[in-house]
Amino acid sequence: MEGERVQIDGGIMEGGGQILRVCAALSCLRGLPLRVCRIRAGRSQPGLRPQHLSGLEIVRDLCDGKLGGAEIGSTEITFTPGKIKGGTHVADTQTAGSVCLLMQVAMPCVLFAASPSELRLKGGTNAEMAPQIDYTVMVFKPIVEKFNFTFNCDIKKRGYYPQGGGEVVVQMSPVKELSPIDLTERGTVTKIYGRAFVAGALPIKLAKDMSAAAVRCIRKEIRDLYINIQAVREPDDQAFGTGSGIIIVAETSTGCLLAGSSLGKRGKNADKVGIEAAEILLRNLKHGGAVDDSLQDQLIIFMALAKGVSRVKSGPITLHTQTAIHFAEQLTKAKFTVTKSEEEDPSKDTYIIECQGMGLVNPNL
């Protein structure tokens, strides 16, 4: 069996945890034994961190697989998948490691399980270097459900850096196969909304300042649209620790959702947090794509698994997206092409990501 393992170099391209997530999920779905070496070679602290280890463990558990060499700091693991089963699965990073990244590795797998699944994911809900849970619920969920599945995401408790302590429960039923998507018509922006939040020891005034600064920043570019960014204080019984941040979403006439977000941290002025999120949103609106740069790479695995041709119009292709495409092609029969979008405005830096999906069929249904 050893000779048959798919060999993955975890140090190339983006060189981070994303390689592990994409490859572990596809290994599980395709029943391909895997060896990943040079894990996170591109990072200041190479090897597995708690969040990556938890992600590997939940995939192992939901398919009764075998995982070798998996401990904190490991730079090489082997994984032999079994049969994907539904039921309740728990993953706990025991740190502020992102629950959204745990969801990224587990969700494609349980779509092809034999019965409905419940994922209880514990860690950080609003963490640096990862999508915030608000982004997952407000942007990722409505768009990814266009692949023809639905899921429920219940935020039980929010958790922040450095302790984590958050919990999110995801429930989903399996599907026979995924439908392709077409996200190429951006349309016009029809509304802008969001939430600026504080939790723990921080006063609501910080949330109001973030919101006001963000609105002022957007107003300079977009004058005629009502902007509704609510300032909220997370209830004490629904948040662990102290944290703050903001997410702003632009919705378009064709149902596209693009966002900008930012997290507060000690010593960072609230206005600066709001302006940072607003500037990210404006940058995502400027390129003319139908998805923002955070969603781009998260769609790749679903495009690869879907039956038929998916097309997504985006801004400049991120290194995360290039990495996801590289490993999706290596582990599935999907074929991707990325072409510069030739249409309307030559000043716009837009691309079409097209994928002939492998059309994975759930053998259990």
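Residues numbered from 1 in each chain as written. Predicted model: local features only at pLDDT ≥ 70, side-chain atom pairs only at ≥ 80, totals over all residues. Heavy atoms only, no water.

Caption draft 1: Broad picture of the environment of Ala239. Take Ala239: it is sitting in strand E12 (residues 239–240). Overall, the relative accessible area of 12% leaves Ala239 in the buried class. As a C-alpha pair, Ala239 and Glu167 span 72 residues in sequence and 9.4 Å in three-dimensional space. (Helix = DSSP H or I, 4+ residues; strand = E, 2+ residues; numbered from the N terminus. Buried < 20%, exposed > 50% of the residue type's maximum accessible area, 1.4 Å probe, protein only.)

Caption draft 2: Spatial organisation of the domain arrangement of the protein chain. Assigned domains within the protein chain: domain 1 (6–183 + 291–358) and domain 2 (189–286). Between the C-alpha centres of domain 1 and domain 2 the distance comes to 25 Å. Contact with domain 1, which involves 24 residues of that partner, is made by 26 residues of domain 2. Interface area, domain 1 with domain 2, both sides summed: about 2,000 Å², of which 59% is carbon and sulfur. Among the residues domain 1 hides against domain 2, the three largest losses belong to Gln132, Met138 and Tyr160. Together they make up 30% of the total. At the surface where domain 1 touches domain 2, the tally comes to three salt bridges. The closest approach of N and O atoms between Lys265 and Glu128, which form a salt bridge, is 3.4 Å. Run the count over domain 1 and domain 2 and you get seven residue pairs in polar contact (both at pLDDT 80 or more). Listing elements by their share of the side of domain 1 that touches domain 2, those giving two or more residues are helix H4 (133–144) and strand E7 (151–159). (Domains from an automatic or database assignment. Contact = heavy atoms within 4.5 Å. Buried area = accessible area lost by both parts, 1.4 Å probe. Salt bridge = Lys/Arg side-chain N within 4 Å of Asp/Glu carboxyl O. Polar contact = N/O pair within 3.5 Å; in protein donor to acceptor, adjacent residues only side chain to side chain.)

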